Amino acid sequence: MALALGAGGGQAWAGPSDPLHVYGGLGYFHDDNLFRLADEAPGYDNQRSDSARQSVVGVLFDKTWSRQRIQAQGKLSKVAFSHFKQLDYDGKDFQGTWNWQLANHLEGSLGATYAQTLAPYTDFQSRERNLRVQRRQFADAAWRMHPSWRMRAAASRDKYTYELSAQRYNDRTEDAAEAGFDYLPRSGSTAGLVARRLSGKYLNQRILAGVVRDDDYKQDELKARVVWRATPTTTVQALAGYAKRKNAQSGPRDVSGFNGRVTASFNPRQKLRLNTAAWREFSAIENYFYTFSLNRGASAGASWDASAKVRVDANMSVEQRSYEGRLLNNSPDDLNDMLRQATVGATWSPLQTVQFSTSFIHQERSGAQFLGNGSFKANTVSVNANAQF
């Protein structure tokens, strides 16, 4: 659902060189399994599908003063469903970043984001509206101590809160702090090392079998960071290494091992761009009986400029989730599922500031019967029209 609404509904894009722009858009989508119900489960009100209309208005600001660049975006949206009207909501999306530079050797960024949208129904069953708010603050700095060496440091905080009372055990903050260095050869590639600590704190206590849970955790990482300009048309990026996740309370087992993501982009022709990725990462999940999972996945995509005004995009991905954060002793300790997704879309830009887009998304999951949703299939079609002024 979130993918359909975000595929083209009010997306910002590059336009004329003026620093301030206003944009707006209209969108429509239809989903044949809105709540991601299991294949054998009946629909709510004997209905599994629904359609929604979306209207978007926003403002963009991008201005550079000397070596300081300020970028900001604000977007408001209204989504109205045809049948499940209790899901109607107002979306909000605000972003702001200050990219700064001092002298010739010190640079960084400082910013914040705020997003309010409808949370996915992939991992819990409900027909009620569940808005999720994500707030993020971040800062980073890099010091070019030598033409071939750079020191880096960064800190961030993410906060997630949920509207639905039955989901408020997922309210949490995630604080990250990291430091590292990069080697910068003349080829344009980079290679470095980064040490990172992630601290997760849940804001509402969870009670299971009469026991109050402490689901806080700490995750320590030591990873290599590489950007390899293999050829003028091929770039490989990697952030991968060792991670150890330790939980505040016994129950979910502490886990460690390889953790990271590798991406590659290949532009064999000016009008054709290819990309691929593979990952093995720990990730929080929105479920009552498990707190996190180990995700292994891969994706491949392509973007083709069919003409000066038409672009075609396609992407496919597969991800296996192994549920590591078991909270009940009688819950399965080898639970996993597989999520597959394929997307194809097209964008037509008759003018530099006008876009029409359409997309088709197929999603299916197998496994995880214990969680209630089980295996499901879903198809989503969306169309959008946007204009920037």
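For the structure, see preceding data.
Keep in mind it's a predicted model, so treat the numbers as computed, not measured.

Some details on the pattern of salt bridges
Stage number 1. All chains considered together, the criterion is met by 28 salt bridges.
Stage number 2. The salt bridge partner of D175 is R157, with a shortest N-O separation of 2.6 Å. Residue D175 is found in strand 8 (residues 172-183), and its partner R157 is found in strand 7 (residues 149-162); the two are separated by 18 residues along the sequence.
Stage number 3. A single network of salt bridges, built from pairs that share partners, joins R150, R152, E178, D182, R196, E221, K223 and R225.

Quick notes on the side chain of D337
Stage number 1. Note that D337 resides in strand 18 (residues 336-351).
Stage number 2. The class of D337 is buried, set by a relative accessible area of 1%.
Stage number 3. Looking at D337, its side chain comes within polar contact range of the side chain of R321, at 2.9 Å.
Stage number 4. At 2.7 Å, the side chain of D337 forms a polar contact with the side chain of Y323.

Some words on the packing of aromatic side chains
Stage number 1. On inspection of all chains with the given rule, the structure shows 11 aromatic pairs.
Stage number 2. Ring plane angle 35 degrees and centroid distance 6.3 Å describe the contact between F61 and W65, whose orientation is recorded as tilted.
Stage number 3. With relative accessibility at 44%, the residue W65 sits in the partly exposed group.
Stage number 4. Ring geometry for W149 against Y183: centres 5.1 Å apart, planes inclined by 50 degrees, an arrangement best described as tilted. Placement of W149 in strand 7 and of Y183 in strand 8 is noted, with a sequence separation of 34 residues between them.
Stage number 5. Assessed through its relative accessible area of 37%, W149 is described here as partly exposed.

Reading the values: the criteria
- Residues numbered from 1 in each chain as written.
- Predicted model: local features only at pLDDT ≥ 70, side-chain atom pairs only at ≥ 80, totals over all residues.
- Heavy atoms only, no water.
- Salt bridge = Lys/Arg side-chain N within 4 Å of Asp/Glu carboxyl O.
- Helix = DSSP H or I, 4+ residues; strand = E, 2+ residues; numbered from the N terminus.
- Buried < 20%, exposed > 50% of the residue type's maximum accessible area, 1.4 Å probe, protein only.
- Polar contact = N/O pair within 3.5 Å; in protein donor to acceptor, adjacent residues only side chain to side chain.
- Phe/Tyr/Trp six-rings, centres within 6.5 Å; stacked < 30°, edge-to-face > 60°.

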